[in-house]
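# What the coordinates show
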Number of protein chains: 2
Amino acid sequence: MATVKTIKIEESVFADNDTAAESIRRKLTEKKTTMINVMSSPGSGKTTLLTQIVKRLGSEMRIRVMDVDIESTLDAQRVADATGVEALQIHNGGLCHIDADMVTRALEQFAPEGSGVLEQTDLLILENIGNLVCPAEFDTGAHRNMMILSVPEGDDKPLKYPLMFSVSDLVVINKIDTLDYFDFDLEAAKKRILRLNPNAVILPASARTGEGVDAICDWIRGIVKVNGQR
Amino acid sequence: MATVKTIKIEESVFADNDTAAESIRRKLTEKKTTMINVMSSPGSGKTTLLTQIVKRLGSEMRIRVMDVDIESTLDAQRVADATGVEALQIHNGGLCHIDADMVTRALEQFAPEGSGVLEQTDLLILENIGNLVCPAEFDTGAHRNMMILSVPEGDDKPLKYPLMFSVSDLVVINKIDTLDYFDFDLEAAKKRILRLNPNAVILPASARTGEGVDAICDWIRGIVKVNGQR
């Protein structure tokens, strides 16, 4: 079993989240590290999909994962075991989101100044808390936001959680292998997302069958390439 | 289309949520109105299941529904249209939960003193925001908490969102018609829930096929009977 480091980060110190987020982004850009913040509901298949992505991209870029969970170490352990990448578990003391200050403190432990960890990381994936409300409100300092909506959740979710869809650069519609089983109108979902966020990239996928995962990897390659010309 | 009243309730005034919750509960008990707070992830099938429940119980008790949503009126409208009960939509301004003060203010509008609305309500259903984190932290003044975990979300959710399972009197495991399709171990899920909350009642169900819905109605009948001997 891969070793996963767990740290506990509870309350936030900085009042100005946006300033803290900009500072993270600037630092990561300097180090040519691209950070992607991944958000979704509980049970959308986030960890399974990330595992698939890391497996495919792991031979061409150096990836590290930070998993935020309320208490358990399940997610970081799953990703680390399946892919062999270094994963950090962040316990946030029951909070419903992660903000830029928490990311700053996590990075201080995961990639302390002088350790060379960021210099050796092309892609840093932040797996946020499973929640469609609160994480959308906090800029984490990531270069891009990716969110996962799964077919069993329903095509009305953009109407109910508009901010999440508005702040996401990539919306993956996951579990499309279950489309026959659920009453989910893919075209209606796409229209609702684009109405909130005309620039959103929308990619249907199935972490289980692997369908669509290559397209997600291509999107990530594009982002990493722009940020990370080493 | 049934008419649904929408109100907007944003920030909370009372610091002491537990006192406010006790005051709601005492008032409702005096009026012989039973309130059940229903929580779940987004897309667990909460509204569909509640519609099924209201249809079955509507001939034997007087039911009203309060739906909390960030922006849309989808849920209240769906319940009202399908069942004919009076539904109130509460918009909470993007907040991730509803607390006792918000319920107090919603009740002031939905059932003002002297209107007789509470006296004419046996069961008041509060459909909380779709979120497994924040709603668990606030006593809403309900007599019982019911939460819905759906099969596609996975059997590990009690490990990841322990507080939600700890505060719920009834855990419905919904969408069991999809058990063959997902990797969900029903017995493992039950064990994990009972480890957190040995008194939890756990009822598997499918809002789509109707399986298990009668058992949920029986549980609700029992609660309403205890609180509401008119």
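Structure's up top.
Because the structure is a prediction, the values reported are computed rather than measured.

With that settled, consider the relation of the copies chain B and chain A. A rotation about some axis, followed by a shift along it, carries one copy of the chain onto the other. By a simple turn and slide, chain B fits onto chain A: the slide is 0.0 Å along the axis, the RMSD is 0.0 Å, and the turn is 180 degrees. On this basis, the relationship between the two copies can be described by a two-fold rotation axis. When C-alpha distances to the rotation axis are compared across chain B, the minimum falls at Asn 131 of chain B, with a value of 3.0 Å. Comparing interface residues between copies, 100% of those in chain B also lie at the interface in chain A; the contact surface is shared.

To continue, consider the interface of chain B and chain A. Of the residues lining the interface, 34 residues belong to chain B; the matching set on chain A comes to 34 residues. Of the roughly 2,600 Å² buried at the junction of chain B and chain A (both faces included), carbon and sulfur atoms supply 58%. Put simply, chain B and chain A have zero salt bridges between them. Along the contact surface separating chain B from chain A lie eight residue pairs in polar contact (both at pLDDT 80 or more). Counting residues per element, the ones that place at least two in the side of chain B that touches chain A are helix H3 (74-83), strand S5 (123-130) and helix H5 (157-160) of chain B. Split into classes, the residues belonging to the side of chain B that touches chain A amount to 15 nonpolar, seven polar and twelve charged.

Here we take up the packing of aromatic side chains. Under the definition given, this model contains three aromatic pairs over all chains. With centroids separated by 5.8 Å and ring planes inclined at 75 degrees, the aromatic side chains of Tyr 181 of chain A and Phe 182 of chain A adopt a geometry described as edge-to-face. What makes Tyr 181 of chain A partly exposed here is its relative accessible area of 33%. We classify Phe 182 of chain A as buried; its relative accessible area is 13%. For the pair Phe 182 of chain A and Phe 182 of chain B, a centre-to-centre distance of 6.2 Å together with 55 degrees between the ring planes defines the contact as tilted. Of this pair, Phe 182 of chain A sits in the loop between strand S7 (170-174) and helix H7 (186-196) while Phe 182 of chain B sits in the loop between strand S7 (170-174) and helix H7 (186-196), which puts the two residues in different chains. Considered together, Phe 182 of chain A and Phe 182 of chain B belong to a single accessibility category, that of buried residues. Of the aromatic side chains, those joined through ring pairs into one cluster are Tyr 181 and Phe 182 of chain A together with Tyr 181 and Phe 182 of chain B. The cationic tip of Arg 208 of chain A hangs over the ring face of Phe 182 of chain B; the distance from NZ or CZ to the ring centre is 5.9 Å.

Calculation rules
- Residues numbered from 1 in each chain as written.
- Chains lettered and ligands numbered in written order.
- Predicted model: local features only at pLDDT ≥ 70, side-chain atom pairs only at ≥ 80, totals over all residues.
- Heavy atoms only, no water.
- Least-squares fit on C-alpha atoms with pLDDT ≥ 70 in both.
- Contact = heavy atoms within 4.5 Å.
- Buried area = accessible area lost by both parts, 1.4 Å probe.
- Salt bridge = Lys/Arg side-chain N within 4 Å of Asp/Glu carboxyl O.
- Polar contact = N/O pair within 3.5 Å; in protein donor to acceptor, adjacent residues only side chain to side chain.
- Helix = DSSP H or I, 4+ residues; strand = E, 2+ residues; numbered from the N terminus.
- Nonpolar A, V, L, I, M, F, W, Y, C, P; charged D, E, K, R; others polar.
- Phe/Tyr/Trp six-rings, centres within 6.5 Å; stacked < 30°, edge-to-face > 60°.
- Buried < 20%, exposed > 50% of the residue type's maximum accessible area, 1.4 Å probe, protein only.
- Lys NZ or Arg CZ within 6 Å of the ring centre and 35° of its normal.

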